[in-house]
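Single-letter residue listing:
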Amino acid sequence: MRAVQNPRRVVVTGIGAVTPVGVGRQEFWQGLLDGRCGTGPVCSFDTSPYAADQGAEIQNFEGARFVRRLDLETLGRTSQLAIAAVRLALEDAGVDPLGLDPDRCGVAMGTTSGEPREMERFDDRFMDDQLDRVGPRFMSRYPCHVIAGHVAREFDFAGPNLMLPAACAAGNYAVSGAFDLLRSGRADLMVAGGADCFSRITYAGFARLGAIAPERCQPFDRNRKGMIPGEGAAALILEPLERALERNATVFAEVLGYGLSCDAHHMTAAHPRGDGAARAMERALRESGFTPEQVSYVSAHGTGTPTNDRLEGYAVARVFGEAARRIPMSSVKSMLGHTMGAASAIEAAVCCLTVHDGHVPPTIHFEEADPDCDFDCVPNQAREVPVELAMNNAYAFGGANASVLFGQCRP
Amino acid sequence: MNPPRNVVITGLGLISPLGDSVAKLGEALCAGRIGLSPVAENDRQPGVDGRGWPPVGAVVDFDAARYLGDGNLRPLDRAGRLVASAAGLALDDAGMDLDLRRQLEVGLVLGTMFGSVHTISAFDRRAVTAGPNYAKPMDFANTVINAPAGQTAIWHGLVGVNSTVSAGTASGLLAIVYAAELIRQGRSKALLAGGGDELCAESRVGFQQAGLLAGGGVDEEGHATAARAVPFDQRRNGFALAEGAALLMLEEEEAAHRRGARILGRIRGGANRFDPSGGTDPDRGRSVVAGALREALAEADWALDAVDACSASANGSVVGDRTEARALGEVFGDSLPTMALKSMIGEALGGSGGLQVAGLMAAMDCGVLPGIHGLEEAEAGLSATVVSARSRRLKVDRGLVTAVGIDGHVGALAVEKAA
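Definitions and limits used
Residues numbered from 1 in each chain as written. Chains lettered and ligands numbered in written order. Predicted model: local features only at pLDDT ≥ 70, side-chain atom pairs only at ≥ 80, totals over all residues. Heavy atoms only, no water. Helix = DSSP H or I, 4+ residues; strand = E, 2+ residues; numbered from the N terminus. Buried < 20%, exposed > 50% of the residue type's maximum accessible area, 1.4 Å probe, protein only. Contact = heavy atoms within 4.5 Å. Areas by Shrake-Rupley, 256 points an atom, 1.4 Å probe, with all protein chains shown as cover. Phe/Tyr/Trp six-rings, centres within 6.5 Å; stacked < 30°, edge-to-face > 60°. Salt bridge = Lys/Arg side-chain N within 4 Å of Asp/Glu carboxyl O.

Enquirer: Just checking my understanding: could you explain the overall build of chain A for this structure?
Expert: Secondary structure assignment for chain A yields 12 helices and 15 strands. In terms of overall dimensions, chain A has a C-alpha envelope of 60 × 50 × 40 Å along the principal axes. Looking at chain A residue by residue over its 411 residues, the buried ones come to 69%. By sequence separation, contacts in chain A at least 24 residues apart represent 79% of the contacts at least 6 residues apart. Total accessible area on chain A is roughly 12,800 Å²; 45% of this is exposed by carbon and sulfur atoms.

Right under this line is the structure:
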């Protein structure tokens, strides 16, 4: 095989986000630092049959503002959210996609459910005995690979195309996949992100598990009552350092390494001691040559369910030891809800911005400390902290865990 | 950073309409046996006229307990069972016992188009008709697209990387390309890689409504056209839907030697590309597929005449097969003997990539390249050297495996027989 002796360094030069607290890097980041809450009563469907009514939806999203080359009418909502995030990220990076070599540009996207609203439409026909009226739309819109495909078609990218449906850790899987493709020289620019849309299928599932909080999402609080389903998309522009320097791009952060693992324990419940989560963090640190003490900020998975947050506490205690108590570790899900496949992509953007900006976002709705979550969750107020190295943690159904490290880009 | 590692194949497991081992698959392919059968009357869905539908490649009488023992299979749906069964066969074939799996932190990169679109639909319909309080939590766990990968990891104790790659009919091959790269870069020592999908009413209706299945059209006189799911044939009119799962055990070569593993073959190169026309512009598609073939060849450091055969992804699709044929022609002229096993097993979606590799390795083992079942008149530009209805004797040591998805995903893989 072709030798790649010196893997290239990879940096983040653009950030795009479409979230319940803001659209675009600046509005999104300001919303988080202000502790703005993006959750509220669900608008997109009637929640009366469910034992819950809170959600984190993106109000007044206009796909037409972002989709230019493809016909908007042929795209599901998740694809539209994804294209919006990528367009914002490319603009943020100052990159004109049509000025690039298409063969050297690729896409890595994550999702949990893909385009669940297309499934719902199919099921409505099914329940009405009208499957012969499904038409060609289902196959051109529903299968999740079309999301990464639609992004590549909108921006004319002919390089590697990875759709990684790794559930709620998918954004981190996408960033790590893109990182490797750039390091080994298989592409010169990758967009990496995640997207999911609000859906009755996801909502019914979490409601049935009793996992949805009645009023608000309170990660790490002793009286936390659950997560809140949400929707959104985020994308990062990743490119080799030398290319970013050549074009005088703003470098938000360098991607320094990652660790992936699997609990191999249970589909929906994490390992009781957080074993897989700890192994992902340890691997990320080991492969990139850092010690736990060098980490200055952790973006927690922090869903706000009693179990997740407790196990996460165990896992960081195992990896960080005493340092766990002084390293700020917040959960933006307190503000955004759980945006599913978009979540860890959004949180990757958060990590890059903490490195770039020297502020860390808060965990809002925090009232009473939980002894099982014995760390500094940045309660309620953003804080100014110089961030040298940020770790992004994400855990998923199926037991998939992913930790990614972002840091200051030093010579 | 150490130099890139070599990637070897040390095991193969498959569940297919033509048997559950490379030997059985190879024997059936060479004998020209087909694994397609008519859709059962009682398996049609209300509201859909199933007349004239093409046959399907079902794994008939599939019994997961035969492969997975008497543990509790209830949490696994059909997609999960197909994949977990193929994984068990691949692990056994590679001699990878539980201790070794833990020690090597064996992971899984699974290609799947849907996970289980049947489970997702059934969960949703029950939540709507009976109310969300009556939806089944066990089904919800399987509504995530990575459910088959998660279930398989739980069943077999796979604690390494657990990744799912979705790229339609290219899913399985692109999963193998991705996994090989993880090993090459030293990220993993041992990964199961390949894919799987189940046959179900939801996907069958979806493909039929999209006009992608063979037959079902109407001729000039208003009669339903007969199904002709024949790869590279002039009169092909779509594919036959199938199911199956196939996984390779991939390992870093030195680690494999150290544990005394039997080496079946090597992954020499791979490529992942995308056609930004989304499969609508055959010229753009041809150049993207040709680019993928050249990338895999360059990585393998193979000259054109070093390649003995191609295991093609052609499935009878009108546009996709033409794109693939033209790309093979652009790169190899009319010199590369090509097999297309989907003529006999149909389009197994996520399962296809691994099955194509298995088919190629069977041809390497028995020295026979299977013919393309039903081929009468080949697509323009494809000579008899390239495609043939009849099986032929051929020494195959090096082969390419291709993936040309329905809407733009493209992959290529260079596979070499063990010395």
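Enquirer: What should I look at first to understand the packing of aromatic side chains in this one?
Expert: Throughout the structure, instances matching the rule amount to 20 aromatic pairs over all chains. Look at Phe206 of chain A and Phe140 of chain B: their rings are 5.2 Å apart centre to centre, the planes differ by 80 degrees, and that puts the pair in the edge-to-face class. Of this pair, Phe206 of chain A sits in helix α7 (residues 200-208) while Phe140 of chain B sits in helix α6 (residues 137-141), each in a different chain. For the pair shown, Phe206 of chain A and Phe140 of chain B are each scored as buried. Ring geometry for Phe397 of chain A versus Phe140 of chain B: centroids 5.7 Å apart, planes at 80 degrees, classification edge-to-face. A residue pair is termed interchain when its members come from two chains, as with Phe397 of chain A in the loop between β14 (389-395) and β15 (400-407) and Phe140 of chain B in helix α6. The same class applies to Phe397 of chain A as to Phe140 of chain B, namely buried. An aromatic cluster is defined as three or more aromatic residues linked by ring pairs; in this entry it consists of Phe122, Phe126, Phe138 and Tyr142 of chain A together with Phe114, Phe207 and Phe239 of chain B.

Enquirer: Could you clarify how one ought to interpret the pattern of salt bridges in this entry?
Expert: A side chain of one charge can pair with a side chain of the opposite charge when the charged atoms of the two come close. All names here are of chain B. Using the criterion set out here, one finds 57 salt bridges over all chains in the structure. Two residues, Arg294 and Glu330, come together in a salt bridge whose shortest N-O distance is 3.2 Å. Of this pair, Arg294 sits in helix α11 (residues 282-300) while Glu330 sits in helix α12 (residues 318-332), and the two are 36 residues apart along the sequence. Judged by its relative accessible area of 40%, Arg294 falls in the partly exposed class. For the salt bridge of Arg398 with Glu416, the shortest nitrogen-to-oxygen distance reads 3.0 Å. Of this pair, Arg398 sits in strand β11 (residues 398-404) while Glu416 sits in strand β12 (residues 409-417), and the two are 18 residues apart along the sequence. For Arg398, a relative accessible area of 29% corresponds to the partly exposed category. For Glu416, a relative accessible area of 10% translates into the label buried.

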